[in-house]
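Structural overview
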Amino acid sequence: MDRYYRYLQLVKEWPSTAVVLGLGAVYAIYYFAKVVRKPLVTCQNAGLLRFATKHMPILSKPFWPTIWCFEGRLQTVVRALIKTEIAVKYRGERILTSDGGEILLDWIDNDELSNIPRESRPTVIILPGLTGSSSASYALHFADNVKQLGYRCVVFNNRGFGGAQLRTPRTFCAANTEDLHHVVSHIKKLYPDAPLLGVGASIGGIILFNYLAKYGSEAQMVAAMTISVAYDMFESTKNLETPINLLLFNYTLTRGLNQAVRENVSMFEDHFDTLHIMKSRTIKQFDQRMTVKMFGYRDVEHYYSDACLIEKMHKIKVPTLCLSASDDPFSPHRAIPIEEAIKEGENILLVVTPYGGHLGFLEGLLPYDKGYDDRLMSEYVDAVFKFGGDELQ
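Description of the structure in this document.

Calculation criteria
Residues numbered from 1 in each chain as written. Predicted model: local features only at pLDDT ≥ 70, side-chain atom pairs only at ≥ 80, totals over all residues. Heavy atoms only, no water. Patch = residues over 30% accessible without salt bridge, like charges linked within 9 Å, V, L, I, M, F, W, Y side chains within 5 Å. Areas by Shrake-Rupley, 256 points an atom, 1.4 Å probe, with all protein chains shown as cover. Salt bridge = Lys/Arg side-chain N within 4 Å of Asp/Glu carboxyl O. Helix = DSSP H or I, 4+ residues; strand = E, 2+ residues; numbered from the N terminus. Buried < 20%, exposed > 50% of the residue type's maximum accessible area, 1.4 Å probe, protein only. Pairing = 2+ DSSP bridges. Axes fitted to C-alpha atoms, helices over the stretch in contact; angles between N-to-C directions.

1. Observations concerning a nonpolar patch on the surface
A cluster of nonpolar residues, Trp68, Leu365, Leu366 and Tyr368, forms a patch on the protein surface that exposes about 460 Å² of accessible area. Checked against the element boundaries, Leu365 lands in the loop between β9 (348–353) and α15 (372–391). Its relative accessible area of 60% is what places Leu365 among the exposed residues.

2. Describing the sheet that holds strand β2 (residues 91–96)
Taken together, the 9 strands give an open sheet; going across it, the order is β1-β9-β8-β7-β6-β4-β5-β3-β2, and neighbouring strands pair in mixed fashion. Whereas interior strands pair on both sides, the edge strands pair on one side only; in this sheet they are β1 (40–42) and β2. Neighbouring strand axes in the sheet, compared pairwise and without regard to direction, differ in orientation by 20° on average. Here strand β8 (residues 320–325) pairs with β9 via 6 bridges, running parallel. Residue pairing in the sheet places Ser324 in a bridge with Val352 of β9.

3. Describing unusual backbone geometry
Positive phi values are uncommon outside glycine, yet Asn110 reaches one of about 65°. Looking at where Asn110 falls in the secondary structure, it is placed in the loop between β3 (102–108) and β4 (123–127). One non-glycine residue, Ser228, lies in the positive phi region at around 55°. Checked against the element boundaries, Ser228 lands in the loop between β7 (223–227) and α8 (233–240). The class of Ser228 is buried, set by a relative accessible area of 0%.

4. A word on the pattern of salt bridges
Summed over the entire model, instances satisfying the criterion amount to 18 salt bridges. Its salt-bridge partner being Lys54, residue Glu391 comes within 3.6 Å of it at the nearest N-O pair. Of this pair, Glu391 sits in helix α15 while Lys54 sits in helix α3 (residues 46–55), and the two are 337 residues apart along the sequence. In this structure Lys54 comes out as exposed when scored by relative accessible area, which is 60%. Linking Glu112 and Lys147 is a salt bridge whose minimum nitrogen-to-oxygen distance equals 3.6 Å. Separated by 35 residues along the polypeptide, Glu112 in the loop between β3 and β4 and Lys147 in helix α5 (residues 137–149) bring together distant segments of the chain. Relative accessible area serves as the criterion here: at 56%, Glu112 is assigned to the exposed category. When salt bridges that share partners are traced, they join Arg91, Asp109, Asp111, Arg118 and Arg121 into one network.

On their own, these measurements won't tell you what the molecule is for.
Have a look at this one:
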């Protein structure tokens, strides 16, 4: 009773403080009761599920998103603003495609930390997001994760990004896998005895998934991981065109795409209506005006249908971990193919966190450093390279 009377006295003397404390208590109760939860893990393949449960303890533990920014849009924005860009030293390699295009590969050979012979050293290829490159904060952290594990890493910068010169009036799109196939073939020619694992973020994950679906058992990869992909391009577009997402994300990404066209306008102006393209205000408008014509689609619906992943689950022939957040503004929960993964995804390990946003997955009070996606990636990559050869056959 004494505590009760002391609280009443506090309310009388400091009403505003009491209100703040009360609201803080309610917020904390909600966070611990509703926000902190284990991820949903689904997999049709009992062997793959056993492998993940055995070697990836993170899957059996709750995800504790940063308490002051656990909501999806906040996770997405805060990650872009404050996540550290750690120092990573790359070795750049420029390769040409059959049509004269240029691709920049940024390597971490990892001779200093790895005790595995160079010719057989396991390698991870990282595919960044829409306007991202090897210098994006998440790509730097992914590359560092691989380095700390003692493996080799290479970041695949799409045409015109990461310092690569745009030599042809063609860039990339979510459904086209020709450049990735060229890069994978190049890596396997350099290191034929080194197992290769692919990690794709956002549209990089869509390209990787489409590549795996197209080439099946001939993909020349032992496993893969996608992070924050849009499984259904139509639902993704619809969600990105809601008012808040339009302002926070769609306009910003479209400005980045328009800027890329502006910087290479002399390369495009004889092939496309660049003035019309650079007036695009949404990703869908940009795709309709440029991507569709660049890759020979009838219209944007034809392109998005070709890029969708939901109906390609059964075509994946290597173990593939797919990490998504239910509150991803780029891919809402209704568009995550949970039922399809269970019914058709024999090689799909789907992990869905209740929070995390788009490439967010921030945790800890000050989420400057590595997050949930980094920890999950590290456990998965290490498990595949150390035990996958015996346990995932």
